[in-house]
Amino acid sequence: MALLEIRNVTRRFGSYTALDNVSIDVEAGEFFTLLGPSGCGKTTLLRMIAGFDLPDSGQILLDGKDMVGIPPEKRPVHTVFQTYALFPHMTVADNIAFPLKMAGKAPQEIKKRVNELLERVHLPNFGNRFPHELSGGQKQRVAFARGLVNRPRLLLLDEPLGALDAKLREEMQIELINLQKEIGITFIFVTHAQDEALALSHRIAVMNRGNVEQIDEPSKIYSAPRNHFVADFIGKISVMNAAVMEAVPSHLKLAIEGLGEVTAPAREGVEVGDKGVLAIRPEQVRISHPSNESQLKNHFRGKVHDFLYVGDVTTYIVELVNGAYIEALLPNSAPGRAKFFEVDDEVTISWRHDAGIFLNDPQ
Ligand SMILES: Nc1ncnc2c1ncn2[C@@H]1O[C@H](COP(=O)(O)OP(=O)(O)OP(=O)(O)O)[C@@H](O)[C@H]1O
Ligand SMILES: [Mg+2]
C-alpha cells in the first residue's frame, strides 16, 4: 500500500478549477516531485495534503487512513516553505526545537534531538545564532532541520530552493538528496524548475492546469514523454509537423511537409493517417559539414540560423529546407575549439531512426 494516496481530488475556487480529479500514489521512502508551470496547482495540492485546505471532492489517505477532519497539527506531515518561515526572535536551536516543545517533549530529549539535527544539516555550532545572522542557504538548512525534528512521515517542500542563487541551489540539491537518503523520510517536493526535478526525484508528476499529465521516473519523463506538453516542458525539444505514412511494430514512417520522409520509433495506438509532431531532443541531432554525407537514414540539408554558446556545449539552430527549425547540440570537447559552424553555413542534419518521438495529442 502506498504511504500517501491522493484519490480523484478536485478543488475549485469559484468557477475556477485549480485541481481537476487528481490521483497520485506516493510510496514510503520516495523523493517525489510535483513539477509544473506557475499556477498549475502544486501549492494547492500540498496545502490539502498538509490539511490547510480541503478538497471539494476526492480523498487523501495517509497510511490507508482518510485525512478528512484531521487538522494540520494532528497529521504526521511537516511543510517547508520557500521563505523559510523561521521565527526571527528565536535562536536557531529554539526554532528547531519548536515542534518538539509543542508536542510536550522533555527538555533533555529536545536538546539531544536538536543537536543531532544541527549536525545532520552541517550547522553544528549555529544553535545560538538568530535567523538574521544566517545566509539564505543556512536559513534553509535550519528550516529543513525544523521540518525533520518531529520525524514526520511526510515532509512537504514547496520550492524550498527557489530563493537561492544557482551555485548554492546546486549544492543544496545534493545535500537534500543525501539528507533524504540518510533519514529515509518520504519527501514531496514542489518545483517549477525541470532540471531540479530531474536531478532530485525518484519519480515526478508533471502537472498542467490542475491536471496530472504524466507520473514517471525522471529518465522516462525525459525520453518517453506521454504528450506534447510534457515533451515541451521538460528539457529542450524541436518539433516538426508530421503525418503517419506507415505504422508497423518495428517503426513509423512519417511525412514531414516540405522535407520528406523520416523513420521514427513505433508507438502504441498510432495509425496511418494520424497527424501530429515529430519531437526530437537537441542531443540526438547530429550536425556535420555537407561533405561528410551522413550514413543515417534520417538526414537533411540545412543552414545555420543561429547558435548559443554556453561553455561546455553549443546549441546550433538550423533552418531546414522547409523553413522548420531544428536544434543540434555539440559538446565543445576539442581543446581550444568552441565553435564548429558559423551562421549561414550549409550543414547536414541527421538523427538515428530510433531517435525522436511522434506525439499526436491535441495541443
Ligand atoms: N485561495 C485561492 N483563491 C482563489 N484562487 C486561488 C486560491 N489559491 C490558489 N488559487 C488559484 O489556483 C491556481 C493554482 O494555484 P497554486 O498556488 O496551487 O499554483 P502553483 O502551481 O503552486 O504555482 P506557483 O509555481 O506560482 O507557486 C492559480 O490559478 C491560483 O490563482
Ligand atoms: Mg506554489
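Residues numbered from 1 in each chain as written. Chains lettered and ligands numbered in written order. Predicted model: local features only at pLDDT ≥ 70, side-chain atom pairs only at ≥ 80, totals over all residues. Heavy atoms only, no water.

As a further point, take the environment of L117. Relative to the helices and strands, L117 is located in helix α3 (residues 107-120). Residues L117 and G235 lie 118 residues apart in sequence; the distance between their C-alpha atoms is 36 Å. For L117, the contacting residues outside a window of four places in its chain are I96, A145, L148 and V149. (Helix = DSSP H or I, 4+ residues; strand = E, 2+ residues; numbered from the N terminus. Contact = heavy atoms within 4.5 Å.)

Here we take up the UniProt feature "domain: ABC transporter" (unreviewed entry) in the protein chain. Following the UniProt record, the feature "domain: ABC transporter" (unreviewed entry) maps to residues 4-234 here. Segment residues 4-234 splits into 36% helix and 27% strand. End C-alpha atoms: 25 Å apart. (UniProt positions renumbered as here; feature names shortened; annotations may be inferred.)

What follows deals with the packing of aromatic side chains. Across all of its chains, the model carries 7 aromatic pairs by this definition. Each ring, one from Y316 and one from F341, has its centre 5.5 Å from the other, and the planes form 90°; the classification is edge-to-face. Of this pair, Y316 sits in strand β17 (residues 313-320) while F341 sits in the loop between β18 (325-331) and β19 (346-351); the two residues are 25 residues apart in sequence, bridging distant segments of the chain. With a relative accessible area of 0%, Y316 lands in the buried category. Among the aromatic residues, those joined into a ring-pair cluster are F31, F187 and F189. Of note, R146 hangs over the ring of F87, and the distance from its end group to the ring centre comes to 5.3 Å. Positioned over the ring face of Y222 is R281, at 4.0 Å from the centre of the ring. (Phe/Tyr/Trp six-rings, centres within 6.5 Å; stacked < 30°, edge-to-face > 60°. Buried < 20%, exposed > 50% of the residue type's maximum accessible area, 1.4 Å probe, protein only. Lys NZ or Arg CZ within 6 Å of the ring centre and 35° of its normal.)

This part is about the packing of helix α2 (residues 92-102) against α3. Following both chains from N to C, one finds α2 and α3 inclined at 125°, their axes separated by 10 Å at the closest point. Considering the angle they form, α2 stands oblique to α3. Of the two possible hands of crossing, α2 and α3 adopt the one that is right-handed. Taking contact as the criterion, the partners of V92, A93, I96, A97, L100 and K101 in α2 are, on α3, I110, R113, V114, L117 and L118. When the residues that make up the contact of α2 with α3 are grouped by side-chain class, the tally is 9 nonpolar, no polar and 2 charged. (Axes fitted to C-alpha atoms, helices over the stretch in contact; angles between N-to-C directions. Parallel < 35°, antiparallel > 145°, perpendicular 65-115°, else oblique. Left-handed = near helix turned anticlockwise from the far one by under 90°. Nonpolar A, V, L, I, M, F, W, Y, C, P; charged D, E, K, R; others polar.)

The next point concerns the site of ligand 1. The environment of ligand 1 is made up of 13 residues, and the closest members are S38, G39, K42, T43 and T44. Within the contact set of ligand 1, an oxygen atom lies 3.0 Å away from a backbone nitrogen or oxygen of G41. K42 places a side-chain nitrogen or oxygen 2.8 Å from an oxygen atom of ligand 1. Alone, ligand 1 offers 640 Å² of accessible surface; in the complex the protein occludes 58% of this. Secondary structure elements with two or more residues in the shell around ligand 1: β2 (16-26) and α1 (42-50). With 3 residues, the single largest contributor to the shell around ligand 1 is α1. Partitioning the shell around ligand 1 into residue classes produces 5 nonpolar, 6 polar and 2 charged. (Near = heavy atom within 4 Å. Polar contact = N/O pair within 3.5 Å; in protein donor to acceptor, adjacent residues only side chain to side chain. Areas by Shrake-Rupley, 256 points an atom, 1.4 Å probe, with all protein chains shown as cover.)

Looking now at the nonpolar core. One finds I96, F144 and F187 to be the most contacted residues of the largest nonpolar core, which totals 33 residues. At 5 residues, helix α4 (residues 136-148) tops the list of elements feeding residues into this core. With residues up to four places along the chain from it excluded, the contact list for F144 reads V80, L157, P160, L161, M172, L176 and L179. One finds V285, Y316, I326 and V347 within the second-largest nonpolar core, a separate group that totals 29 residues. (Core = buried A, V, L, I, M, F, W, Y, C linked by side-chain atoms within 4.5 Å.)

A separate point is the packing of α4 against helix α5 (residues 166-183). Following both chains from N to C, one finds α4 and α5 inclined at 20°, their axes separated by 11 Å at the closest point. For the element pair α4 / α5, the angle class is roughly parallel. Crossing of α4 over α5 shows right-handed handedness. Across the interface between the two elements, G137, Q140, R141, F144 and L148 of α4 pack against L168, M172, E175, L176, L179 and I183 of α5. Of the residues contributing to the contact of α4 with α5, the split by class is 7 nonpolar, 2 polar and 2 charged.

Here we take up the sheet that holds strand β5 (residues 65-66). Strand order in this open sheet of 4 strands is β2-β1-β4-β5, and the pairing throughout is antiparallel. Both edges of this open sheet fall to β2 and β5, since each of them pairs with a single strand only. Sitting on the sheet, α1 touches β1 (4-13), β2 and β4 (57-62), and the angle it makes with β1 is about 120°. (Pairing = 2+ DSSP bridges.)

The next thing to look at is unusual backbone geometry. The residue E159 is not glycine, and still its phi comes out positive at about 50°. By secondary structure assignment, the location of E159 is in the loop between β7 (154-158) and α5. In this structure, R209 is a non-glycine residue whose phi angle is positive, near 50°. Position of R209 relative to the elements: it lies in the loop between β9 (203-208) and β10 (211-216). Given the relative accessible area of 68%, R209 is considered exposed.

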